[in-house]
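What the coordinates show
Listed here are the chains, written in short residue letters.
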Amino acid sequence: MTRYVLRRLAALVPVALGVATLTFAIVHLVPGDPVVAMLGETAAPADIAGMRHRLGLDLPLWEQYGVFIRGLAEGDLGESISYRKPVASLIAERFPATLELAAAGLLVGIAIAFPLGIVAGAKPGGAADLGAMGFAIVGISVPHIYLGPLLMIVFSLHLRLLPLTGRGGLSHLVLPAITLGTALAAIIARMLRQSLIQVRQSDYMRTARSKGLTETQALVRHGLRNALTPVITLLGLQAGALLTGALITEVIFSWPGVGRLLIGAIGARDYPLVEGCVLAFALTYVVVNMATDLAYAMVDPRVRLQ
Amino acid sequence: MKAIARNPSLALGGLIVAILALAAITGPMSVRADPLAIDLARSLAGPSRAHPLGCDALGRDVLARIVWGARLSLGLSTGVVLLSMAVGTAVGATAALAGGRVDNLVMRAVDVVLAFPGILLAIALAAILGPGLIDLAIALCAMGWTGYARLVRGEVLTLREREYVHAADALGARPARLIFRHLLPGLAGPVAVQATFGVGGIIGAEAALSFLGLGALPPTPSWGNMLDAGRAFLLVAPHLTTAPGIAIGASILGFNLLGDGLAQRFGRQ
């Protein structure tokens, strides 16, 4: 296992470097002058030159790239133009809020998906299966940008049960977490159902049944653990949708995380901050993916040997 | 009737997509109201006979804006998917057929693009390119081609080992004939399934980007920017979020069902 972990960690470096390079390329190579965009078309040439110097944009491109990568290795992402503070500390301040939201969304997703997927997979074609899968296809289709406002109208404005926006106690977390977790729940439920249907036809399940276990006992003791491996893989793949879903959910609910920071930075044309936030999201995703691979290797020993 | 019972997803999905396409094509003829005509006297008016879905804050007819939004949403997402599919198929097939170093390089590039979660790459590109429909389409294509590249590469690698391809090769068929006559037809099913889900995905992504102010700019009616504008009036005029919200949800649902149905038809899940 230690060797497997080390190998996965080593594989992280080139991907992280690739992500940093592509982010740099988007901000620095895509046509359009960020400084002119920031200061406006009518800005004095001296101001433009001054800003360009302040941001290090007057250096040759390869030197800018060197400064960027070296800074990244030291955890220095430059200074935000609109906040006049280091980008890294701005992101660090808001990162816990984003993680909290993503974790809550994941929890809601799992909490809804497991009962649905198990009920549907236990008796495929039955009424419960049809109902659960009907919910799932609708859940996958309803966009965050509509589910959020819909929940706000019903639970905050009409029933007055929960706060409308902002971050605070648990009550503030409920609606954003449901907004974020519903699509995930639907996707996991579908996968869990599919996986259970396959597991139920396997030889070890037949053995478990023939030694006298009831269907439920066999499922709980032997089936579920095996049915979970594809679900873990799926969770890793869905981590990306969860992160950008969190970004959009933050904007809907005025949740003070990295997503809202990014959208604000885009509006203010604060390019160092845009670059930093994009990088923060992408690197988080890369790390989460590695963590899922490790979890997968723990559940399924065969993976480690490959 | 039997065909519908055997594959209800295909039937229902096809129906929703057909209605959507019909609305997008004939909408401007059947809904007479001008989606851009401002009438402040009707600001935030609820549904009525003259305006079946009510009016927005500037008194513009919501139904007309939904129908014009359908044109934008469906047109843009179909275009983006076709372009992503063409680029992805070309790249994936080249990687699989060239093999070795080319394959390795291409797949590493795909890995890096895929390391950007969800619609983040499109958000970053749209942020730098600035808002606007062409820039939005470019940003969505930059994100979308990788899925097709991976799928096509995998399919070509398996297809190329099939007996009929070996037979054609042994009979002296030229590479172009092999590709166009024997490999591409075998790809059509899986790629069509992925592209169907893809249109739904791009409809959602376009709406999200327009919602964030990175896509279609007002006054151009797009479901995403209508939803964003409606958020200020959740209590007094909930129809302003409900109408575009249901339009987006129903469209994505239609393409998801159609994709499920096609997958079932082509015998894959």
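All values derive from a computational prediction rather than experimental measurement.

Things to note about the overall build of chain B
Across its full length, chain B carries 10 helices and zero strands. The secondary structure elements of chain B, listed N-terminal to C-terminal, are α-α-α-α-α-α-α-α-α-α. Dimensions of chain B, computed from C-alpha atoms along their principal axes, come out at roughly 75 × 50 × 30 Å. Taken across its 269 residues, chain B has 48% of its residues classed as buried.

Observations concerning the overall build of chain A
Within chain A, the secondary structure is distributed over 13 helices and zero strands. If you line up chain A on its principal axes, its C-alpha atoms span 85 × 55 × 30 Å. For chain A, with 306 residues in total, the buried portion stands at 39%. Considering only intrachain contacts with a sequence separation of at least 6, the fraction spanning at least 24 residues in chain A is 72%.

Brief notes about the interface of chain B and chain A
Between chain B and chain A, the residue contacts involve 34 residues of the former and 37 residues of the latter. Contributions of two or more residues to the side of chain B that touches chain A are made by helix 4 (100-114), helix 5 (120-129), helix 8 (175-211), helix 9 (223-230) and helix 10 (239-265) of chain B. Take the side of chain B that touches chain A: its biggest share by element is eight residues, from helix 10 of chain B.

Digging into the packing of helix 2 (residues 8-30) of chain B against helix 3 (residues 62-98) of chain B
Residues and elements named next belong to chain B. For the pair helix 2 and helix 3, interaxial distance at closest approach is 8 Å and the crossing angle is 110°. Taken together, the axes of helix 2 and helix 3 lie roughly perpendicular to each other. In the crossing of helix 2 with helix 3, the sense of the turn from one axis to the other is left-handed. Along the contact surface, helix 2 presents Leu20, Ala21, Ala23, Ala24 and Gly27, while helix 3 presents Val67, Trp68, Ala70, Arg71 and Leu74. Tallied by class, residues from the contact of helix 2 with helix 3 come to eight nonpolar, one polar and one charged.

Examining helix 3 (residues 45-54) of chain A
Taking burial as the measure, the 10 residues of helix 3 of chain A include zero buried ones, a minor fraction of the element. A positive backbone phi angle near 75° is found at Gly56 of chain A, which sits one or two residues after helix 3 of chain A.

What to know about the environment of Pro175 of chain B
All names here are of chain B. Inspection of the secondary structure assignment puts Pro175 in helix 8. Judged by the 10 C-beta atoms lying within 10 Å of it, Pro175 is exposed. Sequence spacing of Pro175 and Ile248 is 73 residues, and the spatial spacing of their C-alpha atoms is 43 Å.

With respect to helix 11 (residues 258-267) of chain A
Within helix 11 of chain A, eight of the 10 residues are buried, which leaves it mostly tucked inside the rest of the structure. Listing the buried residues of helix 11 of chain A in full gives Val258, Gly259, Arg260, Leu261, Leu262, Ile263, Ala265 and Ile266 of chain A. Packed against the buried residues of helix 11 of chain A are helix 5 (87-122), helix 10 (215-253) and helix 12 (271-299) of chain A together with helix 5 of chain B. Downstream of helix 11 of chain A by a residue or two, Arg269 of chain A has a phi angle that is positive, lying close to 55°.

Observations regarding the environment of Ile232 of chain A
All names here are of chain A. By the element assignment, Ile232 lies in helix 10. Remark: the alpha-carbon pair of Ile232 and Ile263, spanning 31 residues in sequence, is separated by 31 Å. Beyond its immediate stretch of four places on either side in the chain, Ile232 contacts Thr292, Ala295, Tyr296 and Val299.

Digging into the confidence of the model for chain B
For chain B, mean pLDDT is 88; residues scoring 70 or higher make up 99% of the total. Among the prediction metrics, the complex's ipTM stands at 0.87, with pTM recorded as 0.89.

A closer look at unusual backbone geometry
Of note, the amide linkage connecting Pro218 of chain B to Pro219 of chain B takes the cis form, showing an omega dihedral of 10°. Here Pro219 of chain B shows up in the loop between helix 8 and helix 9. Unlike most non-glycine residues, Ser254 of chain A shows phi in positive territory, near 50°. Within the secondary structure layout, Ser254 of chain A lies in the loop between helix 10 and helix 11. For Ser254 of chain A, a count of 12 C-beta atoms within 10 Å corresponds to the exposed category. Of note in this structure, Arg269 of chain A is not a glycine but carries a positive phi near 55°. With respect to the helices and strands, Arg269 of chain A occurs in the loop between helix 11 and helix 12. Look at Arg269 of chain A and you get buried, because 20 C-beta atoms sit within 10 Å.

Looking at the nonpolar core
With 155 residues, the main nonpolar core has Cys277 of chain A together with Ala122 of chain B as its most contacted residues. The element contributing the most residues to this core is helix 8 (residues 170-200) of chain A, with 16 residues. Here Ala122 of chain B is in contact with Ala139, Leu140, Ala142, Met143, Ala205 and Leu209 of chain B, once residues within four sequence places are set aside.

Procedures and definitions
Residues numbered from 1 in each chain as written. Chains lettered and ligands numbered in written order. Predicted model: local features only at pLDDT ≥ 70, side-chain atom pairs only at ≥ 80, totals over all residues. Helix = DSSP H or I, 4+ residues; strand = E, 2+ residues; numbered from the N terminus. Buried ≥ 20, exposed ≤ 12 C-beta atoms within 10 Å, placed from the backbone. Contact = placed C-beta atoms within 7 Å. Axes fitted to C-alpha atoms, helices over the stretch in contact; angles between N-to-C directions. Parallel < 35°, antiparallel > 145°, perpendicular 65-115°, else oblique. Left-handed = near helix turned anticlockwise from the far one by under 90°. Nonpolar A, V, L, I, M, F, W, Y, C, P; charged D, E, K, R; others polar. pLDDT = per-residue confidence, 0-100. Core = buried A, V, L, I, M, F, W, Y, C linked by C-beta atoms within 7 Å.

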